[in-house]
Amino acid sequence: MDGLLYERKNGFDGISAKDKSEIFDFCAEYSHAITVAKTEREFSDMSVSLLEKAGFVELSCKNQLKPGDRVYSVNRGKGIVAFVIGGEPIENGCNIVGAHIDSPRLDLKPNPLYEDGGMAYFKTHYYGGIRKYQWLSIPLSLHGVVVKRDGTQITVSIGEDKNDPVFCIADLLPHLAQLQAEKKLSAAFEGEKLNVIVGNIPCEDADKDKLKYGVMKLLNEKYGICEADFITSELELVPAFPAKDLGLDRSMIAAYGQDDRVCAYTALRAVIDAKTPVKTAVCLLVDKEEIGSEGNTGMQSRFFENTLAKVCSLCKETYNDLVLRECLSHSSCLSADVGAAYDSNYAEVYEKNNACYVNGGLLLTKYTGARGKSAASDANAEFMAKICGMFDKAGVLWQCAELGKIDVGGGGTIACYVANLDIEVLDAGVPLQAMHSPYEVAGKFDIYMAYKGYNAFFNN
Ligand SMILES: [Zn+2]
């Protein structure tokens, strides 16, 4: 009997040449986007330019909103929310796709520059869940902003242009690593040793700290900054290499920062393609997910609620708080975040029947969390059925999985904070291998299914 058993498939299996080239074309644009936007600020800026090109305007430019209007609002340069106003009244709720645009990385400490043992270094403080050894002996680039005390903002980017130098953290040679090799992995690599090489020519202008002085002098020439300006900066080290096609068949993409810019980019493209939907379509891109969605740019902030209140008030002739409350209660959200794709090299941490596979389709995760579903937002069966049915109708191939085996670890997304706003929410994103590494692996079919799925969700 057809359909009696749940079957999985590789999305490329039996695909037409036309569909395949559509997927590859879309992924080429994605690949370019994540190569040029490697930080939350860069991704937010890129989103603004893509949105404006598609007719979106700053929310503050509007004094009323009607169906079909396209607006956006930026949160402190590190997050963004875009709306396409729907045909139905705003109090009937929105369809929200929420992703995060921060990724694990190495931040500079407030006082980063020092010299020791004949070398100048930057001290770093890692951000998010990294496996420290993966950041050794790879090319790194420096991105971010320095804000001078007079308010001037200087944008820094070193290591991306082909003529730029790069930075790196030198790893220990195997010949002298015997003692380290006997340590537990968690003890063998220390956060305080993630010091980045930045220079080696002594500057004759100085009486002491000649290497440090030399580096500071170059930065001063290029950016006009002094050492104390590091204190008022946000500078991040990220892998310096571009996104590349992976495999002889080019069926995958290997790149830094696909968690979660793969979902952010596909959500952004989907909201751009939303044409006067029934319900208001919302693409919400937040910061700080990797450290618990904290702070005023994270999902736990009131930013989204405040911005939605503004949108509600501009949609109605008479507005009171109940409009916003009704809007939230009637809204639905796809929490667009990546999941861990099955990896046969580490089969012991996955449960095969409840794992997801690269190019197996858009991943639906009913609940995340750890141990006994601790800290999970467990999506309602009713809501899940609605989404699965909608995807089936739209021809979106999807798969359903847990993060890994019970009791071997766990993780979370923004879903629980969205749920706190009384919104129906389900995690729906792209499966990744090597998540949180400097070189994450995603399937092109899945990337396209994310776009197609978010598109269907908005236009439903
Ligand atoms: Zn994520």
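Residues numbered from 1 in each chain as written. Predicted model: local features only at pLDDT ≥ 70, side-chain atom pairs only at ≥ 80, totals over all residues.

Colleague: I would appreciate a short explanation of the sheet that holds strand β5 (residues 105-116) in the present structure.
Modeller: Sheet strands pair by backbone hydrogen bonding; their relative direction is either parallel or antiparallel. In space, the six strands of this open sheet follow the order β8-β7-β10-β5-β6-β9, with antiparallel pairing throughout. Each end of this open sheet is capped by a strand with a single partner; those strands are β8 (153-158) and β9 (195-199). On average, adjacent strands in this sheet sit at an angle of 30 degrees to one another, irrespective of strand direction. The pairing of strand β7 (residues 140-147) with β8 spans six bridges and is antiparallel. If you follow Val146 over to β8, its bridge partner there is Ile154. Packing of helix α5 (residues 210-223) onto the sheet brings it into contact with β5, β6 (119-127), β7, β8 and β9, and relative to β5 it is tilted by some 130 degrees. (Pairing = 2+ DSSP bridges. Helix = DSSP H or I, 4+ residues; strand = E, 2+ residues; numbered from the N terminus. Axes fitted to C-alpha atoms, helices over the stretch in contact; angles between N-to-C directions. Contact = placed C-beta atoms within 7 Å.)

Colleague: Looking at this structure, I do not really get the sheet that holds strand β12 (residues 252-255). What am I missing?
Modeller: With mixed pairing, five strands are arranged side by side in an open sheet as β11-β12-β22-β21-β15. Looking at strand neighbours, the two that pair on one side only are β11 (244-246) and β15 (339-340), the edges of this open sheet. Alignment of strand β21 (residues 431-433) against strand β22 (residues 440-443), held across two bridges, turns out to be antiparallel. Opposite Gln433, over in β22, you have Val441 as the bridge partner.

Colleague: Before we go on, may I ask you to explain the pairing of strand β13 (residues 280-286) in this structure?
Modeller: Both faces of the sheet carry side chains from a regular strand, because those side chains alternate between them. By the criterion of burial, β13 is predominantly enclosed, with seven of the seven residues buried. Where strand β3 (residues 79-84) and β13 come together, five bridges link them in antiparallel fashion. Bridge pairing links Ile80 to Leu285 in β13. Sheet topology note: the strand β4 (residues 94-100)/β13 ladder contains seven bridges and is parallel. Across the sheet, the residue bridging to Ala99 is Leu285, located in β13. (Buried ≥ 20, exposed ≤ 12 C-beta atoms within 10 Å, placed from the backbone.)

Colleague: Looking at this structure, how should I read the nonpolar core?
Modeller: Nonpolar side chains in soluble globular proteins tend to be buried together. Counting residues in hydrophobic clusters, the biggest one holds 126 residues, and the most contacted among them are Val97, Ala267, Val271 and Tyr454. Summarising the domain contributions, this core has at least three residues from each of domain 1 (17-103 + 256-459) and domain 2 (105-239). (Core = buried A, V, L, I, M, F, W, Y, C linked by C-beta atoms within 7 Å. Domains from an automatic or database assignment.)

Colleague: Would you mind going over the packing of helix α6 (residues 258-272) against helix α11 (residues 444-459) with me for this structure?
Modeller: The axes of two packed helices give the description: the angle between them and the distance between them. Between α6 and α11, the shortest axis-to-axis distance is 8 Å and the interhelical angle comes to 40 degrees. Classified by the angle between their axes, α6 and α11 sit oblique to one another. Crossing of α6 over α11 shows right-handed handedness. Judged by residue contacts, Val262, Cys263, Thr266, Ala267, Arg269, Ala270 and Val271 of α6 engage Ile447, Ala450, Tyr451, Tyr454, Asn455 and Phe458 from α11. (Parallel < 35°, antiparallel > 145°, perpendicular 65-115°, else oblique. Left-handed = near helix turned anticlockwise from the far one by under 90°.)

Colleague: What am I meant to see in the pairing of strand β14 (residues 332-335) here?
Modeller: The alternating pattern of β14 places Ser332 and Leu334 and Cys333 and Ser335 on opposite faces, both of which are buried. Here four bridges tie β4 to β14, and the two strands are oriented parallel to one another. Paired with Ile96 across the two strands is Cys333, which belongs to β14. Sheet topology places β14 next to strand β20 (residues 424-429); four bridges connect them, and they run parallel. Across the sheet, the residue bridging to Cys333 is Val425, located in β20.

Colleague: Which parts of the structure should I look at to understand helix α9 (residues 381-394)?
Modeller: Three- or four-residue spacings in an α-helix give side chains the same orientation, since the helix completes a turn every 3.6 residues. Between its first and last C-alpha, α9 extends 20 Å over 14 residues, near the 20 Å set by a 1.5 Å rise per residue. Just beyond α9, the residue with positive phi is Gly395, at close to 70 degrees. (Expected span 1.5 Å × (residues − 1).)

Colleague: Explain helix α7 (residues 303-315) to me, please; I cannot follow it from the model alone.
Modeller: With 13 residues, α7 ought to run about 18 Å at 1.5 Å a step, and its terminal C-alpha atoms sit 18 Å apart, in line with that. Residues of α7 that are buried include every one of Phe303, Phe304, Thr307, Leu308, Val311, Cys312 and Cys315, and no others. In an axial view of α7, the angular spread of the buried residues amounts to 165 degrees, which keeps them on one side of the axis. Facing away from the buried side of α7 by over 90 degrees, the exposed positions are Glu305 and Asn306. Residues of α7 that are buried make contact with β2 (70-75), β3, β13 and α8 (321-329). (Arc of directions from axis to C-beta.)

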